[in-house]
Amino acid sequence: MLFDVFTLFPEVFPAYLETSILKRAKENDLLEVRLHDIRDWATDKHRTTDDTPYGGGGGMVMKPEPIFKAVEEVIGIPPSCPLILLTPQGQTLTQQKAEELSELPHLAVICGRYEGFDERIRQHLVSEEISIGDYVLSGGELPALILIEAVTRLIPGALGDPEGAFDDSFSCGLLEYPQYTRPPAFRGWEVPEILQSGDHGAIDRWRRNQALLRTLQKRPDLLFKADLSDADLDYLEQAVQESETAASDPIINLIKKRKE
Ligand code: ADE
């Protein structure tokens, strides 16, 4: 997977890209990240990339010319791959979106700074806008790293383990089940006996039920989109009856509907 990153701060990327999974993915030719300093395409001697907004108001706006020129030179116009604008106005990044993007051979992202972009960049250059959540950062560099990491770890072979990202939270629409490692007892807190039983069928069922329970308790909204078997629905029904959470009613309706 090739990423072309357009940014005013290319220097913030290498430390993270040279660490752990991303470093290994690069070494194994699964990932290449090309960093492009938008300032290199500025046209004046001060290398200006922003200007005051028409109509007045505070803050500065990213000028269109350097960004169009940079994109044109690196991936062409129209762009030869999807071109993503990182902005709080975009669709929120989800695991499903990361999975879709991980199937592509080439992606480009533009990181914003200042108060925003000249609207013509939105309207006439990028193919989509992505946000990493409903909060505002000073720039798109951290969102770009988050996108690169979320996508790269889904590329087959990027995680050492062949099961890869399969068990992760969200990968099957549920939060991940609780994990334990040695010692079996720590400060009086014991690892659940079933995990030490060696009964893999029972362990799988326990893990699935724990994932369902966690999702019910922490993110019940996710259950509405999750793939749920009859056994899952039975377990959830029982768990809802035993708990008195605010989400109970909609969840009971969901279980009823799915069982029909
Ligand atoms: N740039 C600033 N804030 C952002 C956010 N939440 N997501 C993506 N890009 C951003």
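The rules behind the values
Residues numbered from 1 in each chain as written. Predicted model: local features only at pLDDT ≥ 70, side-chain atom pairs only at ≥ 80, totals over all residues. Heavy atoms only, no water. Near = heavy atom within 4 Å. Polar contact = N/O pair within 3.5 Å; in protein donor to acceptor, adjacent residues only side chain to side chain. Areas by Shrake-Rupley, 256 points an atom, 1.4 Å probe, with all protein chains shown as cover. Helix = DSSP H or I, 4+ residues; strand = E, 2+ residues; numbered from the N terminus. Nonpolar A, V, L, I, M, F, W, Y, C, P; charged D, E, K, R; others polar. Axes fitted to C-alpha atoms, helices over the stretch in contact; angles between N-to-C directions. Parallel < 35°, antiparallel > 145°, perpendicular 65-115°, else oblique. Left-handed = near helix turned anticlockwise from the far one by under 90°. Contact = heavy atoms within 4.5 Å. Buried < 20%, exposed > 50% of the residue type's maximum accessible area, 1.4 Å probe, protein only. Phe/Tyr/Trp six-rings, centres within 6.5 Å; stacked < 30°, edge-to-face > 60°. 1 Å grid on protein atoms, 1.4 Å probe; cavity = no way out; pocket = protein on both sides within 12 Å on 5 of 7 lines; lining within 4 Å. Points joined across faces, edges and corners; volume = space filled by probe spheres on them. Domains from an automatic or database assignment. Patch = residues over 30% accessible without salt bridge, like charges linked within 9 Å, V, L, I, M, F, W, Y side chains within 5 Å. Salt bridge = Lys/Arg side-chain N within 4 Å of Asp/Glu carboxyl O.

## Comments concerning the site of the ligand
- Taken together, Leu 86, Thr 87, Pro 88, Ile 130, Ser 131, Ile 132, Gly 133, Tyr 135, Val 136, Leu 137, Gly 139 and Pro 143 are the residues near the ligand.
- With respect to the ligand, the backbone of Ile 132 contributes an N or O atom lying 3.0 Å from a nitrogen atom.
- For the ligand, the protein covers 96% of the area, taking 260 Å² as the surface of the free molecule.
- Going through the elements one at a time, strand 5 (83–92) and strand 8 (128–131) are the ones with two or more residues in the shell around the ligand.
- Ranked by the residues each element gives to the shell around the ligand, the list is headed by strand 5, at 3 residues.
- For the shell around the ligand, the residue count by class is 8 nonpolar, 4 polar and no charged.

## Quick look at the packing of helix 8 (residues 230–242) against helix 9 (residues 248–259)
- At a minimum axis separation of 10 Å, helix 8 and helix 9 run at an interaxial angle of 155 degrees. Regarding the angle of helix 8 to helix 9, the classification is roughly antiparallel. The handedness of the crossing between helix 8 and helix 9 is left-handed. Residues Leu 233, Asp 234, Leu 236, Glu 237 and Val 240 of helix 8 form the contact with helix 9, whose own contacting residues are Ser 248, Ile 251, Ile 252, Ile 255, Arg 258 and Lys 259.
- Of the residues in the contact of helix 8 with helix 9, the class split is 6 nonpolar, 1 polar and 4 charged.

## Notes on the packing of helix 7 (residues 200–218) against helix 8
- Between helix 7 and helix 8, the least distance of the axes is 10 Å, while the angle of their chain directions is 50 degrees. Classified by the interaxial angle, the pair formed by helix 7 and helix 8 is oblique. As helix 7 runs across helix 8, the sense of the crossing is right-handed. Where helix 7 approaches helix 8, its residues Arg 205, Arg 208, Asn 209, Leu 212, Leu 213 and Leu 216 are matched on the opposing element by Ala 231, Asp 232, Tyr 235, Leu 236, Ala 239 and Val 240.

## Quick look at unusual backbone geometry
- Here the bond from Ile 77 into Pro 78 is cis, since omega is 0 degrees, no more than 30 degrees from zero.
- Here Arg 182 and Pro 183 are connected by a cis peptide whose omega angle stands at 5 degrees.
- With respect to the helices, strands and loops of the structure, Pro 183 is situated in the loop between helix 6 (141–152) and strand 9 (185–186).
- Positive phi, normally seen in glycine, also occurs at Arg 47, with a value near 55 degrees.
- For Arg 47, a relative accessible area of 34% translates into the label partly exposed.

## Remarks on the packing of aromatic side chains
- What the rule picks out here adds up to 1 aromatic pair.
- Judged by centre distance (6.1 Å) and plane angle (50 degrees), the rings of Phe 186 and Trp 189 are tilted.

## Notes on the environment of Leu 216
- Mapped onto the elements of the fold, Leu 216 is located in helix 7.
- For the pair Leu 216 and Leu 175, spaced 41 residues apart in sequence, the C-alpha to C-alpha distance is 9.2 Å.
- Those residues in contact with Leu 216 that sit more than four places away from it in its chain are Leu 223, Leu 236, Ala 239, Val 240 and Ile 251.

## A few points about the layout of surface pockets
- The space that makes up the largest pocket amounts to roughly 490 Å³.
- Taken together, 16 residues make up the lining of the largest pocket; nearest its centre are Thr 94, Gln 96, Phe 170, Leu 222 and Lys 225.
- The class makeup of the residues in the lining of the largest pocket is 7 nonpolar, 5 polar and 4 charged.
- Looking at which domains feed residues into the lining of the largest pocket, each of domain 1 (2–152) and domain 2 (185–259) supplies at least three.

## As for a nonpolar patch on the surface
- Together, Tyr 135, Leu 137 and Leu 142 give the surface a local cluster of nonpolar side chains, amounting to about 300 Å² of exposed area.
- Assignment of secondary structure puts Leu 137 in the loop between strand 8 and helix 6.

## Description of the pattern of salt bridges
- Taken as a whole and assessed by the stated rule, the structure comprises 15 salt bridges.
- Of the charged contacts, one joins Glu 119 and Arg 122 as a salt bridge, the two residues approaching to 3.5 Å between their closest N and O atoms. Note that Glu 119 and Arg 122 are positioned in helix 5 (residues 119–124) at a spacing of 3 residues, about one turn of the helix.
- For Glu 119, a relative accessible area of 40% gives the class partly exposed.
- Arg 122 sits in the buried class, given a relative accessible area of 14%.
- A salt bridge links Lys 259 to Asp 234, with the nearest nitrogen and oxygen atoms 2.6 Å apart. Separated by 25 residues along the polypeptide, Lys 259 in helix 9 and Asp 234 in helix 8 bring together distant segments of the chain.
- Connected via shared salt-bridge partners are Lys 97, Glu 100 and Glu 128.

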